[in-house]
Amino acid sequence: MKVTIFGSGYVGLVTGACLAEVGNEVICVDIDQGKIDRLNQGEVPIHEPGLDSLIERNRASGRLRFTTDVDEGVAHGLFQFIAVGTPPDEDGSADLQYVTAVARSIGQRMTDYRVIVNKSTVPVGTADRVRETVSAALVERQAKLEFDVVSNPEFLKEGAAIDDFMKPDRIVVGTDNPRTTELLRAMYAPFNRNHDRLVCMDIRSAELTKYAANAMLATKISFMNELANLAERLGADIEKVRLGIGSDPRIGYHFIYPGCGYGGSCFPKDVKALERTARDVGYPAQLLQAVEGVNERQKLSLFDKIRAYFQGDLTGKTLAIWGLAFKPNTDDMREASSRVLMEKLWAAGARVRAFDPVAMEETRRIYGERSDLMLCDSPEAALRGADALAIVTEWNVFRSPDFDGIRQALSRPAIFDGRNLYDPVQLRALGFDYYGIGRGESISKV
Ligand SMILES: NC(=O)c1ccc[n+]([C@@H]2O[C@H](COP(=O)([O-])OP(=O)(O)OC[C@H]3O[C@@H](n4cnc5c(N)ncnc54)[C@H](O)[C@@H]3O)[C@@H](O)[C@H]2O)c1
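Conventions and cut-offs
Residues numbered from 1 in each chain as written. Predicted model: local features only at pLDDT ≥ 70, side-chain atom pairs only at ≥ 80, totals over all residues. Heavy atoms only, no water. Near = heavy atom within 4 Å. Polar contact = N/O pair within 3.5 Å; in protein donor to acceptor, adjacent residues only side chain to side chain. Areas by Shrake-Rupley, 256 points an atom, 1.4 Å probe, with all protein chains shown as cover. Helix = DSSP H or I, 4+ residues; strand = E, 2+ residues; numbered from the N terminus. Buried < 20%, exposed > 50% of the residue type's maximum accessible area, 1.4 Å probe, protein only. Contact = heavy atoms within 4.5 Å. Salt bridge = Lys/Arg side-chain N within 4 Å of Asp/Glu carboxyl O. Core = buried A, V, L, I, M, F, W, Y, C linked by side-chain atoms within 4.5 Å. Axes fitted to C-alpha atoms, helices over the stretch in contact; angles between N-to-C directions. Parallel < 35°, antiparallel > 145°, perpendicular 65-115°, else oblique. Left-handed = near helix turned anticlockwise from the far one by under 90°. Nonpolar A, V, L, I, M, F, W, Y, C, P; charged D, E, K, R; others polar. Pairing = 2+ DSSP bridges. Right-handed = clockwise from strand over helix to strand, strands pointing away. Expected span 1.5 Å × (residues − 1). Arc of directions from axis to C-beta.

### Details of the site of the ligand
Around the ligand, 26 residues are found, and the nearest of them are Asp-30, Lys-35, Thr-86, Glu-158 and Lys-269. At 3.0 Å, a side-chain N or O of Arg-334 approaches an oxygen atom of the ligand. Coverage of the ligand by the protein chains reaches 89% of its 840 Å² of free accessible surface. Listing elements by their share of the shell around the ligand, those giving two or more residues are helix 1 (10-21) and helix 5 (97-109).

If you want it as structure tokens, here you go:
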């Protein structure tokens, strides 16, 4: 099948590469000339495990191409995927300018029937807006052409995106006619062989399903963080509580890890956008407001503990930070908790020595060269000359470090563990001042 994908980011590239891998002819279109040049030179602009070789193989076979040429893109695919960004607008709603721009481009150029598949996360009603935009562009050029709009939200997880796309839990397809459902079923057949994973529904329900999934996951995290903060004040250990509730199959072990807040390109913006949608229809979504509010507060938790530990004065202090990406196995720093921590530390007059296995280049791109940020080439190097260590991302490489080495390198034996990687009892026995999230000992007690 011929497929065009607008947007060559995390979602567009993974979708394009996976659809090419099963034999489709795919063209990825992006407006970012630099990104397309890098892709055409065999460079993959993002870190996603397995993506490099997948792109390389399919590029070499000619099934996957990259271009900025919109004419070529619209002429090519029966399926026109929209996988562009939908960042938050100033009021928290999803900014749909990129989605509408693609819709307009398609309407201005199409010469044949097209299936427009929306993969971007968009508010309920966006498919109608896409349809109106395409229709308006067709009317302008007095073209009478048929097209369909489908909502096909994406559920991949950065860091495991290829696997998620190749072996999806479900493929949500929102359409308003059986013809497009069958076309989508045919396109997804290679990913749907083991058992039927297609969940077909009306378009609005499909659009809302994506927000519901992210809002539910964010709610689980904020709930656990709320409980962790309580545990800290009550002398309980949230990790014990986690095991105690996770064993209940109605609750489950997934997504109930307490920590220093969720980040990334999806949860924060999608919870905000859904809350904004609710407000627009006159419904105050109290739970969603709380989920977001708890998370924003949680992102400050490491800084608050560090500041309390140093009796409110961080001037001239140096913090080693392990982990900058918003989660392991990605270089994505959007809304990362590390950014809140670093910015608070800098504002308080502290310096940062940081290490991340893959997000250093992204950190440099965001913050540039600055005297209070030293990007180090190993976890050990980040410790040199530091007063204390903060862990923000739970990369595997941080799970079993040389604790003696850490204690010797730091001027104070303090570890602020934003992901509860270590055992507080063991760490205290090793002579550390150890502060996790919700581990029964609030800093004021020390
Ligand atoms: N990143 C994720 O894990 C994830 C998962 C599921 C859904 N989503 C959703 O998918 C969408 C894309 O997310 P992403 O993380 O891939 O974004 P991204 O920012 O990584 O990539 C978006 C790309 O779209 C390009 N673009 C913008 N306007 C364009 C246009 N008119 N034509 C062609 N390209 C254009 C940009 O240059 C950019 O390369 C968002 O709505 C997001 O919420 C993301």
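### Thoughts on the environment of Asp-164
Looking at the element boundaries, Asp-164 is found in helix 7 (residues 161-166). Accessibility expressed as a relative area gives 17% for Asp-164, which makes it buried. Asp-164 sits 194 residues away from Val-358 along the chain, and the two C-alpha atoms are 21 Å apart. Setting aside residues no more than four positions away along its own chain, Asp-164 makes contact with Phe-155, Leu-156 and Lys-157.

### Digging into the pattern of salt bridges
Tallying each qualifying case throughout the model produces 35 salt bridges. For Arg-179, the salt bridge goes to Glu-146, with nearest N and O atoms at 3.0 Å. Separated by 33 residues along the polypeptide, Arg-179 in helix 8 (residues 178-188) and Glu-146 in the loop between helix 6 (126-140) and strand 6 (147-151) bring together distant segments of the chain. For Arg-179, a relative accessible area of 40% puts it in the partly exposed group. In this structure, Asp-248 and Arg-250 form a salt bridge, with 2.8 Å as the shortest nitrogen-oxygen distance. Where salt bridges share partners, they join Asp-128, Arg-131, Asp-176 and Arg-204 into one cluster.

### Quick look at the nonpolar core
Nonpolar side chains tend toward joint burial in soluble globular proteins. With 57 residues, the main nonpolar core has Ile-321, Leu-345 and Tyr-422 as its most contacted residues. Those residues within four positions of Tyr-422 in sequence are excluded, and the remaining contacts are Trp-322, Ile-391, Phe-398, Arg-399, Pro-401, Phe-403, Ile-415, Asp-417, Leu-427, Tyr-434 and Arg-439. Counting 38 residues, the second largest nonpolar core, distinct from the first, contains Tyr-10, Phe-66, Val-117 and Leu-184.

### So, the packing of helix 14 (residues 337-347) against helix 15 (residues 360-367)
Relative to each other, helix 14 and helix 15 sit at 50 degrees, their axes nearing to 13 Å. When the interaxial angle is binned, helix 14 and helix 15 end up oblique. Between helix 14 and helix 15 lies a crossing of right-handed hand. Residue-level contacts link Arg-339, Met-342, Glu-343 and Trp-346 of helix 14 to Thr-363, Ile-366 and Tyr-367 of helix 15. Classifying every residue of the contact of helix 14 with helix 15 gives 4 nonpolar, 1 polar and 2 charged.

### Some details on the pairing of strand 1 (residues 2-6)
With 4 of 5 residues buried, strand 1 lies mostly within the body of the structure. Where strand 1 meets strand 2 (residues 25-29), 5 bridges bridge the pair, whose relative direction is parallel. Pairing of Val-3 across the sheet is with Val-26, part of strand 2. Taking the sense of rotation as the criterion, the β-α-β connection linking strand 1, helix 1 and strand 2 turns out right-handed. Direction of pairing for strand 1 relative to strand 4 (residues 79-82): parallel, over a ladder of 4 bridges. Bridge pairing in strand 4 links Ile-5 to Phe-81.

### Some words on the packing of helix 9 (residues 203-234) against helix 10 (residues 238-246)
The interhelical angle for the contact between helix 9 and helix 10, taken along N-to-C directions, is 135 degrees, at an axis separation of 9 Å. Looking at the two axes, helix 9 sits oblique to helix 10. As helix 9 packs across helix 10, the resulting crossing turns out to be right-handed. Facing helix 9, whose interface residues are Met-224, Leu-227, Ala-228 and Ala-231, helix 10 presents Ile-238, Arg-242 and Ile-245. The class makeup of the residues in the contact of helix 9 with helix 10 is 6 nonpolar, no polar and 1 charged.

### Re helix 12 (residues 286-298)
An ideal rise of 1.5 Å per residue puts 18 Å on 13 residues; helix 12 measures up with 18 Å between its terminal C-alpha atoms. When we look at burial in helix 12, the residues that qualify are Leu-288, Val-291, Glu-292, Val-294, Asn-295 and Gln-298. Seen along its axis, helix 12 keeps its buried residues to an arc of 160 degrees; they face one direction. Structurally, helix 12 contributes buried residues whose contacts are with helix 9, helix 11 (267-280) and helix 13 (301-309).

Interpretation note: all reported values are geometric properties and have no functional meaning in isolation.
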